[in-house]
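# Analysis of the macromolecular model
Chain by chain, the residues run as shown.
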Amino acid sequence: MMVIIQTINVDALSVPSAPRSLLATVISTTRINLSWEDPSSNGGSEITGYKIERESPVGGGWSIIVANTGSTEKSYGSTGLNPGTQYNYRVSAINAIGTGTASNSASATTQSASSVPSAPRSLLATVISTTR
């Protein structure tokens, strides 16, 4: 009697690892752009989107601003922000299995609102001629 043993390797699928190198770049008084790199592991399943979270005030807890981008694009423009305010961000990759761990957090402070210049002082008018 002959016994045949067959070995089958099965790779278990899992959620992706954290996206790498999250960067927050201030663009204006109301916009911060985010960019990041792919996770080191997709968990054996294609990345299908990203979850983006924001924290402000800092230490106030994380809020989901995009549950799933539905895109593999590795950038996002956070708009409608308040001038002169610090924001923290983190990003998690999503695959068919679920949402992975969050990236490092990245912080940026929007530009302060510009103030309108004050009125000129000591205005002096001098007559030069009948037309000037």
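Everything discussed here concerns the structure shown above.
Structure report, in brief.

Reading the values: the criteria
Residues numbered from 1 in each chain as written. Predicted model: local features only at pLDDT ≥ 70, side-chain atom pairs only at ≥ 80, totals over all residues. Heavy atoms only, no water. Phe/Tyr/Trp six-rings, centres within 6.5 Å; stacked < 30°, edge-to-face > 60°. Helix = DSSP H or I, 4+ residues; strand = E, 2+ residues; numbered from the N terminus. Buried < 20%, exposed > 50% of the residue type's maximum accessible area, 1.4 Å probe, protein only. Core = buried A, V, L, I, M, F, W, Y, C linked by side-chain atoms within 4.5 Å. Contact = heavy atoms within 4.5 Å.

What follows deals with the packing of aromatic side chains. Under the definition given, this model contains 2 aromatic pairs. Note on Trp-36 and Tyr-50: the rings are 5.2 Å apart at their centroids and 65° apart in plane angle, and the pair reads as edge-to-face. Placement of the pair is Trp-36 in strand E2 (residues 32-37) and Tyr-50 in strand E3 (residues 49-55), with a sequence separation of 14 residues. There is no split in this pair, since Trp-36 and Tyr-50 are both buried. For the pair Tyr-87 and Tyr-89, a centre-to-centre distance of 6.5 Å together with 35° between the ring planes defines the contact as tilted. Tyr-89 carries the same exposure label as Tyr-87, and that label is buried.

This next bit is on the nonpolar core. Of all hydrophobic cores here, the largest spans 16 residues; its most connected members are Leu-22, Ala-24, Ile-32, Leu-34, Trp-36 and Tyr-89. Contributing elements (two or more residues each) for this core: strand E1 (20-26), E2, E3, strand E6 (86-94) and strand E8 (106-109). Element by element, the count of residues in this core is highest for E6, at 4 residues. In contact with Leu-22, not counting residues within four places along its chain, are Leu-34, Ser-35, Trp-36, Tyr-89, Arg-90, Val-91, Ser-103, Asn-104, Ser-105 and Ala-106.

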